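# Structure assessment
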Amino acid sequence: RGLTAAKLELRERARAQTKKYWHANPLRREAQRLKKYGLTPAEKRSLLERQGHRCAICGESRTDRPKLFPVIDHCHATGAVRGILCAKCNKGLGLFRDNPDLLRQAALYLTPDAVDNLVNLNAEQSALEAVFGDRAISVYGSLSADEKES
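Each value, and the rule that gives it
- Residues numbered from 1 in each chain as written.
- Predicted model: local features only at pLDDT ≥ 70, side-chain atom pairs only at ≥ 80, totals over all residues.
- Heavy atoms only, no water.
- Core = buried A, V, L, I, M, F, W, Y, C linked by side-chain atoms within 4.5 Å.
- Buried < 20%, exposed > 50% of the residue type's maximum accessible area, 1.4 Å probe, protein only.
- Helix = DSSP H or I, 4+ residues; strand = E, 2+ residues; numbered from the N terminus.
- Contact = heavy atoms within 4.5 Å.
- Phe/Tyr/Trp six-rings, centres within 6.5 Å; stacked < 30°, edge-to-face > 60°.
- Lys NZ or Arg CZ within 6 Å of the ring centre and 35° of its normal.
- Salt bridge = Lys/Arg side-chain N within 4 Å of Asp/Glu carboxyl O.
- Patch = residues over 30% accessible without salt bridge, like charges linked within 9 Å, V, L, I, M, F, W, Y side chains within 5 Å.
- Areas by Shrake-Rupley, 256 points an atom, 1.4 Å probe, with all protein chains shown as cover.
- pLDDT = per-residue confidence, 0-100.
- Axes fitted to C-alpha atoms, helices over the stretch in contact; angles between N-to-C directions.
- Parallel < 35°, antiparallel > 145°, perpendicular 65-115°, else oblique.
- Nonpolar A, V, L, I, M, F, W, Y, C, P; charged D, E, K, R; others polar.
- Pairing = 2+ DSSP bridges.

## Notes on the nonpolar core
- In terms of nonpolar packing, the biggest core is built from 13 residues, with Leu39, Cys55, Phe69, Ile72 and Ile84 touching the most fellow members.
- For this core, the elements supplying multiple residues, two or more each, are α2 (26–37), α3 (41–50), β2 (81–85) and α4 (87–95).
- Look past the residues within four positions of Ile84 in its chain and what remains in contact with it is Lys44, Leu47, Leu48, Gln51, Arg54, Cys55, Ala56, Phe69, Pro70, Val71 and Ile72.

## Some points on the packing of aromatic side chains
- Inspection of the entire model under this criterion finds one aromatic pair.
- Stacked on the ring of Trp22, the Lys or Arg Arg29 has its end atom at 5.2 Å from the ring centre.

## Brief notes about the pattern of salt bridges
- Overall, the coordinates contain six salt bridges when judged by the stated rule.
- Of the charged contacts in the structure, one is a salt bridge between Glu30 and Lys44, with a shortest N-O distance of 2.5 Å. Taken together, the residues Glu30 in helix α2 and Lys44 in helix α3 connect sequence positions 14 residues apart.
- Glu30 sits in the partly exposed class, given a relative accessible area of 23%.
- Its relative accessible area of 11% is what places Lys44 among the buried residues.

## Focus: a nonpolar patch on the surface
- On the surface, Leu95, Phe96 and Leu103 cluster together to form a nonpolar patch covering roughly 260 Å² of accessible area.
- Inspection of the secondary structure assignment puts Leu95 in helix α4.
- The exposure class assigned to Leu95 is exposed, which follows from its relative accessible area of 61%.

## Details of the confidence of the model for the protein chain
- For the protein chain, the mean per-residue pLDDT works out to 81, and 73% of the residues sit at or above 70.
- Per-element mean pLDDT across the protein chain ranges from 44 in helix α7 (residues 145–149) up to 94 in β2.
- pLDDT under 50 marks residues 142–150. Its contacts with residues more than four places away, or in other chains, come to 13 contacts.

## Looking at unusual backbone geometry
- For His53, which is not glycine, the phi torsion reads 55 degrees and is therefore positive.
- Relative to the assigned elements, His53 resides in the loop between α3 and β1 (71–74).
- For Arg97, which is not glycine, the phi dihedral falls at a positive 55 degrees.
- Tracing the chain through its elements places Arg97 in the loop between α4 and α5 (100–109).

## Comments concerning the packing of helix α1 (residues 5–24) against α2
- Packing of α1 against α2 brings their axes to within 5 Å, and their N-to-C directions diverge by 95 degrees. Our classification of the angle between α1 and α2 gives roughly perpendicular. Residues Tyr21, Trp22, His23 and Ala24 of α1 form the contact with α2, whose participating residues are Pro26, Arg28, Arg29 and Gln32.
- Partitioned by chemical class, the residues of the contact of α1 with α2 number four nonpolar, two polar and two charged.

## Regarding the pairing of β1
- The two faces of β1 match: Val71 and Asp73 on one face and Ile72 and His74 on the other face are all buried.
- As paired strands, β1 and β2 are joined by four bridges and run antiparallel to one another. Bridging across to β2, Val71 finds its partner in Leu85.
- Count of turn residues in the β1/β2 antiparallel hairpin: six residues, of which Gly79 carries a positive phi of about 85 degrees.

Written out as structure tokens, the structure reads:
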């Protein structure tokens with residue numbers, strides 16, 4: 001990216017200093033996260049209790065590793081808090097761009113007849129879009145972007 005060695009060194013020093021600060025001040029980091037998502041400590045505790053102190057997706061409950069659990073999950077479009085996840089599940093949703101259709105397609109891919117299932121679903125989706133255009137309902141179970149807006 002065209003960064004000089006001096007700029008790279010400065011960036012690394014800043015990252016190390018930030019990491020050291022947050023490690024020395026974990027309560028401030030937690031307070032910052034709660035403020036970011038508009039939660040009180042009591043609301044976060046309530047979320048955790050409703051989920052049995054476990055990740056809402058995989059059930060992870062390792063409270064001895066605060067970097068991995070709990071993580072506050074939120075909708076990137078609205079900012080609304082959805083629940084508490086472990087870091088791996090939260091990262092996974094982000095890597096799939098919080099897109100339910102992509103997640104369903106990935107789950108289908110993991111099944112024994114994955115390739116045939118995906119080819120059939122993609123063909124069905126193409127047929128629906130040919131008939132209904134942008135108003136086609138996704139065979140993956142959610143509405144198209146245009147359908148959601150109307």
